Amino acid sequence: MGLRNFLKLRANLLTGLIVLALCATSPVLAQSELAPAVYSAAYKTAAYYSLLFILFCVFIVVIGKVFKLHDLNSELQGKKSKANWNKINGALFGVFLIAGLFGTYWSYSVHGVMSHSVSASVHGDDIDSMFNVTLIITTIVFVLTHIALFGFAIKYPNSKKKKAYFYPHNNTLERWWTIVPAIVLTYLVVLGFFTWKGITEVPEDEQKKALSIEVTGQQYNWTIRYSGADNKVGARNYKKTTAANGLGIDFSDNASWDDKMADEIVIPVNQPVRFTINAKDVLHSFYMPAFRVQVNAVPGMPTHFQFTPKYTTEEMRTMENDPKYNYLLLCAKICGSGHWNMQKNVRVVSAAEYQDWLAQQQLYYNDDVKMELQMAQKSVVGDNKLALK
Ligand SMILES: [Cu+2]
């Protein structure tokens, strides 16, 4: 086969490949049009953009192949290729730099607004300002290093006329690029350390003043226990877990007798709340984004988070201009197949509303639990009698 025929075959193969790619993607597009309603709009959008990206890649490959064919053709005819690839690459680096920086600006202006909501807790403002400081510093570094990276590639393309300057070592330069990042990173770490310490290390008298609520995570639900009039959640012992006593509450501890169960979390505004967080099976994560609260729920090791909510749900609905707005408790640890659905409503209300709501909640130590405990005691006594005989 002559070279000319070979090139023709290659061009035909390439065209076939493109047609095949287009044919293969069209049924997927058609299917996404006919897909049942369960496929969310977001899923469709992701599929659409993925296909668009694949088509764009195919387009780039085609352009590359066309250039390659042109070069081979010129070579065959004994002509010198006119394309200066170093210059083309340099110009492309410039295009990527501008497009990339514009993409960064676009992402900050569109997604930045989406990710930044008003903090609904007192300590949340500290976390937000720390986040902003980190974002500003890293953005400045990102922009400068990328301008330098692409700028050098544009300014110094390969050329037969130029010889590269061998520049292996510069102590002053190395000193600066070690000391400056070290100072900046130390500042960020120390700032984070003290902010976190200020939020999590609450003095004991402050802990006692806070409303005590216990939350237990299990696949795939949160169980909420309020401490009752004594503001103390009763002790637990996993060995006491039964069908009626799912949390394994130890009823020999008097503090457990007035504990209450709830289907949602209701907390009074402007009062400190202290959550004790447990897990019954695997790791979960107690996550309330609006309050900037996140702590792991670990089996066998209670964790705590204390904070003060600033705005009631109603106030937040007005501020967010969304009459359906609700605070949420979510699980932020991928804990199994039902993880996505592990959420609870959180309502922040006035102190008076909170008291009214609490009065309506059921005691954990209810008749079912009492009856089960009595039955268990009777069977223990029965067993003992048998043992004596
Ligand atoms: Cu979970």
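Above this text you will find the structure in question.
Conventions used here
Residues numbered from 1 in each chain as written. Predicted model: local features only at pLDDT ≥ 70, side-chain atom pairs only at ≥ 80, totals over all residues. Helix = DSSP H or I, 4+ residues; strand = E, 2+ residues; numbered from the N terminus. Buried ≥ 20, exposed ≤ 12 C-beta atoms within 10 Å, placed from the backbone. Axes fitted to C-alpha atoms, helices over the stretch in contact; angles between N-to-C directions. Parallel < 35°, antiparallel > 145°, perpendicular 65-115°, else oblique. Contact = placed C-beta atoms within 7 Å. Core = buried A, V, L, I, M, F, W, Y, C linked by C-beta atoms within 7 Å. Pairing = 2+ DSSP bridges. Expected span 1.5 Å × (residues − 1).

(A) Structural view of the environment of lysine 260. With respect to the helices, strands and loops of the structure, lysine 260 is situated in strand 3 (residues 260-262). Lysine 260 gets classed as buried once you count the C-beta atoms within 10 Å, which come to 20. With 100 residues separating them along the chain, lysine 260 and glutamine 360 place their C-alpha atoms 9.6 Å apart.

(B) Spotlight on the packing of helix 4 (residues 124-155) against helix 5 (residues 171-200). Between helix 4 and helix 5, whose axes approach to 10 Å, the crossing angle comes to 170°. Looking at the two axes, helix 4 sits roughly antiparallel to helix 5. On helix 5, the residues touching Asp126, Ile127, Met130, Val133, Thr134 and Ile137 of helix 4 are Val184, Leu188, Leu191, Gly192, Thr195 and Ile199.

(C) Structural view of the nonpolar core. Counting 31 residues, the largest nonpolar core has Val215, Phe275, Phe286 and Met288 as its most contacted members. With sequence-adjacent residues up to four places away left out, phenylalanine 275 is seen in contact with Ile213, Val215, Phe286, His304 and Phe305.

(D) Just the sheet that holds strand 1 (residues 211-218), in detail. If you trace the six strands from one edge of the open sheet to the other, you get 8-5-1-2-3-11, paired in mixed fashion. Looking at strand neighbours, the two that pair on one side only are strand 8 (303-307) and strand 11 (362-363), the edges of this open sheet. Two strands pair when backbone bridges link them, and strand 1 and strand 5 (residues 273-279) are joined in this way by seven bridges, in the parallel orientation. Directly across from leucine 211, in strand 5, lies its bridge partner valine 273.

(E) Local environment of the pairing of strand 10 (residues 343-349). When strand 4 (residues 265-268) meets strand 10, the two strands line up parallel, connected through four bridges. What sits directly across from isoleucine 267, in strand 10, is valine 348. Across four bridges, the pairing between strand 9 (residues 327-331) and strand 10 is antiparallel. Residue leucine 330 lies in a different strand from strand 10, and its bridge partner there is glutamine 343.

(F) The arrangement of the sheet that holds strand 9 in detail. Read from one edge to the other, the open sheet built from five strands follows the order 4-10-9-6-7, with strand pairing classed as mixed. The outermost strands of the open sheet, each flanked by one partner alone, are strand 4 and strand 7 (293-297). Adjacent strand axes in the sheet meet at a mean angle of 20° when their direction is disregarded. Across the sheet, helix 8 (residues 351-359) touches strand 4 and strand 10, and the angle it forms with strand 4 is around 140°.

(G) Structural context of helix 2 (residues 41-76). Here helix 2 contains 36 residues, and its C-alpha end-to-end distance of 52 Å stays within 8% of the 52 Å for a straight helix at 1.5 Å per residue. Where burial is concerned, little of helix 2 is hidden: zero out of the 36 residues are buried.

(H) Just unusual backbone geometry, in detail. Cis peptide bonds are those with omega within 30 degrees of zero, and the linkage from glutamine 219 to tyrosine 220 qualifies with -5°. Looking at the element boundaries, tyrosine 220 is found in the loop between strand 1 and strand 2 (221-226). Of note, the phi angle at asparagine 270 is positive, near 60°, even though the residue is not glycine. Assignment of secondary structure puts asparagine 270 in the loop between strand 4 and strand 5. A tally of 13 C-beta atoms within 10 Å means that asparagine 270 is categorised as partly exposed.

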